[in-house]
Amino acid sequence: MTQIAVLPGDGIGPEITAQAARVLSAVAPDLTLVEAPVGGAAYDLHGHPLPPETLALAQNSAAILFGAVGDWKYDQLERALRPEQAILGLRKAMGLFANLRPAILYPQLAEASSLKPEVVSGLDILIVRELTGDIYFGQPRGVRTVEEGPFAGDRQGFDTMLYAETEIRRIARIAFEAAQKRNKKLCSVDKANVLETSQLWRDVIIEVAKDYPDVELSHMYVDNAAMQLVRAPKEFDVIVTGNIFGDILSDEAAMLTGSIGMLPSASLNESNQGLYEPSHGSAPDIAGQNKANPLATILSAAMLLRYSLGRENEAQRIEQAVAAVLEQGLRTADIQSEGTQLVGTSEMGDAVLRALG
Ligand code: NAD
């Protein structure tokens, strides 16, 4: 029995997860889906955004299908009890160090991008971002007083960029393996001309590449990568990079598509257990109105099948059904354009189910 934890969360989370769970059950009826509260919904029920029962369910499942968490009404809570802490808690407890974010622009939605359609139409890239290390977590960090020199007496903020080679090696393996399943091109992004951490990053990536001779490896400085992503994004297949560079580049890549309601994501640990969620938030402004686009969450379910369960055929069935529904001209409000047919969240789910055949 393969168990999947379904954590709908807040805002539009329950609506979009319900559609993704229907689609997942339709392509893989053998999976057992078990639901639990998370985020603000869990705080309301149990006084904590990640109750022990929810964490235990997640840890004992092959993968987690996650909606979204957060609502303005929880903004007054102390930080440790805010809904967003649930994601951080899951990442930490489960060692989810690899973040996979595809940026796909379906040709039918090319007009949604702020770039010229010919630059982005058909875009399909995957950003693999290291998620648990780098300057975001490195010690020491803090604010101190400068003791000497021209700034003596000033307050000075400092952080530490750190990567151990094991951390680099394991994210590299995830990226090379993802590239093997795609167009076999991997671009490693760093700042090796300036940073020692990046030089080690590059050295270790080159070592790991020896185990993947079928993947074509290139290296790019992060400033150049930021430019190339808007100049010729279709040149990329898979990008692997550290936490801070990946944070920025994955948002840049998401914006190339212009449709946040379409973008799935995955966070994996060493045993391929993963958390799968849309890249957008809980959209409290449209919650409960059957307006939210469920496709990012449905595509997250496809990633779940591919990366945690190794079920490529079922993953592709879902992705092809989503493409077919767009081809039919069905659109939720966020991706609507002239000449298309407006549908709600549940109708979009129905259409994907029908397109599965
Ligand atoms: P958001 O992504 O929730 O919404 C931004 C805008 O995009 C809104 O206008 C929203 O209506 C629209 N939108 C988002 N997803 C959509 C969808 N599937 N279909 C149609 N429209 C969609 O970002 P925000 O408004 O900055 O944040 C709202 C809440 O979400 C906050 O509490 C924030 O902390 C939380 N948040 C959670 C996550 C997460 O759970 N991983 C990520 C980001 C933000």
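Residues numbered from 1 in each chain as written. Predicted model: local features only at pLDDT ≥ 70, side-chain atom pairs only at ≥ 80, totals over all residues. Heavy atoms only, no water.

## Observations concerning the overall build of the chain
Helices and strands together make up the secondary structure of the chain, namely 12 helices and 14 strands. When the backbone C-alpha atoms are referred to their principal axes, the chain occupies close to 65 × 50 × 40 Å. Buried positions account for 52% of the 357 residues belonging to the chain. The long-range fraction of contacts in the chain, counting pairs at least 24 apart against all pairs at least 6 apart in sequence, stands at 75%. Accessible area for the chain stands at about 15800 Å²; split by element, carbon and sulfur atoms hold 51% of it. Measuring between centres, the 30 positive side-chain charges of the chain sit 2 Å from its 46 negative side-chain charges. (Helix = DSSP H or I, 4+ residues; strand = E, 2+ residues; numbered from the N terminus. Buried < 20%, exposed > 50% of the residue type's maximum accessible area, 1.4 Å probe, protein only. Contact = heavy atoms within 4.5 Å. Areas by Shrake-Rupley, 256 points an atom, 1.4 Å probe, with all protein chains shown as cover. Lys, Arg positive; Asp, Glu negative; His and termini not counted. Charge placed at Lys NZ, Arg CZ, Asp CG, Glu CD.)

## Here we look at the nonpolar core
Core analysis: the biggest nonpolar cluster contains 79 residues, and Leu100, Val128, Phe176 and Met262 have the highest contact counts within it. The element contributing the most residues to this core is helix α10 (residues 295–308), with nine residues. Beyond its immediate chain neighbours, meaning those up to four positions away, methionine 262 contacts Tyr106, Leu109, Asn293, Leu295, Ala296, Leu299, Val322, Leu326 and Ile335. Grouped together as the second largest cluster of nonpolar side chains are 16 residues, Leu50, Ala58, Leu90 and Leu275 included. (Core = buried A, V, L, I, M, F, W, Y, C linked by side-chain atoms within 4.5 Å.)

## Here we look at the environment of serine 308
Within the fold, serine 308 resides in helix α10. As for serine 308 and serine 271, which are separated by 37 residues in sequence, their C-alpha atoms are 8.5 Å apart. Setting aside chain neighbours within four positions, we find serine 308 in contact with Ala62, Ala63, Leu268, Asn272, Gln273, Gly274, Tyr276 and Met303. From its side chain, serine 308 meets the backbone nitrogen of glycine 274 in a polar contact 3.3 Å long. (Polar contact = N/O pair within 3.5 Å; in protein donor to acceptor, adjacent residues only side chain to side chain.)

## Notes on the environment of lysine 181
Examined against the element boundaries, lysine 181 turns out to sit in the loop between α6 (165–180) and β8 (185–190). Classification of lysine 181 as partly exposed rests on a relative accessible area of 49%. In the structure, lysine 181 is positioned 125 residues away from arginine 306 in sequence and 9.7 Å away in space, judged by C-alpha atoms. With residues up to four places along the chain from it excluded, the contact list for lysine 181 reads Arg306 and Tyr307.

## What to know about the environment of threonine 2
In this structure, threonine 2 sits in the segment before β1 (3–9). Residues threonine 2 and threonine 32, 30 residues apart in the sequence, show an inter-C-alpha distance of 6.1 Å. With residues up to four places along the chain from it excluded, the contact list for threonine 2 reads Leu31, Thr32, Ala62 and Leu309.

## So, the domain arrangement of the chain
Domain annotation of the chain identifies domain 1 (1–97 + 269–357) and domain 2 (106–263). Taken together, the contacts link 20 residues of domain 1 with 18 residues of domain 2. Of the roughly 1800 Å² buried between domain 1 and domain 2, counting both surfaces, carbon and sulfur atoms make up 63%. For domain 1, the biggest contributors to the area lost against domain 2 are Phe97, Tyr307 and Leu326; these three give 34% of the whole. (Domains from an automatic or database assignment. Buried area = accessible area lost by both parts, 1.4 Å probe.)

## Focus: the sheet that holds strand β2 (residues 32–35)
Taken together, 10 strands build an open sheet; the order of strands is β2-β1-β3-β12-β11-β4-β5-β10-β8-β9 and the sheet is mixed. Where the open sheet ends on each side, the last strands, each with one partner, are β2 and β9 (216–221). Across the sheet, the mean angle from the axis of one strand to that of its neighbour is 20 degrees, orientation sign disregarded. In terms of strand pairing, strand β5 (residues 124–130) meets strand β10 (residues 238–241) through four bridges, oriented parallel. Its bridge partner lying in β10, isoleucine 127 is registered against isoleucine 239. Most of the contacts of α10 go to strand β12 (residues 274–278), to which it runs at about 160 degrees, and overall it touches β1, β3 (63–68), β4 (98–104), β5, β11 (264–268) and β12. (Pairing = 2+ DSSP bridges. Axes fitted to C-alpha atoms, helices over the stretch in contact; angles between N-to-C directions.)

## Looking at unusual backbone geometry
Note the cis peptide between glutamine 139 and proline 140, where omega equals 0 degrees. Take proline 140: it is sitting in the loop between β5 and β6 (142–145). Not every positive phi belongs to a glycine, and asparagine 272 is a case in point at roughly 65 degrees. Within the secondary structure, asparagine 272 is located in the loop between β11 and β12.

## Structural notes on the site of the ligand
Close to the ligand lie 18 residues, the nearest being Glu84, Gly281, Ala283, Asp285 and Asn293. Within the backbone of valine 69, an N or O atom sits 2.9 Å from an oxygen atom of the ligand. One nitrogen or oxygen atom from the side chain of serine 282 is found 3.1 Å from an oxygen atom belonging to the ligand. Protein contacts shield 67% of the accessible area of the ligand, which totals 810 Å² for the unbound molecule. (Near = heavy atom within 4 Å.)

## Observations concerning the side chain of glutamate 167
Among the structural elements, glutamate 167 can be located in helix α6. Within the buried set, glutamate 167 has no salt-bridge partner at all; the shortest N-O distance to an opposite charge, 4.7 Å, is to arginine 170. For glutamate 167, the side chain forms a polar contact with the main-chain nitrogen of alanine 164, separated by 2.8 Å. Setting aside its immediate chain neighbours within four residues, glutamate 167 contacts Glu130 and Gly133. (Salt bridge = Lys/Arg side-chain N within 4 Å of Asp/Glu carboxyl O.)

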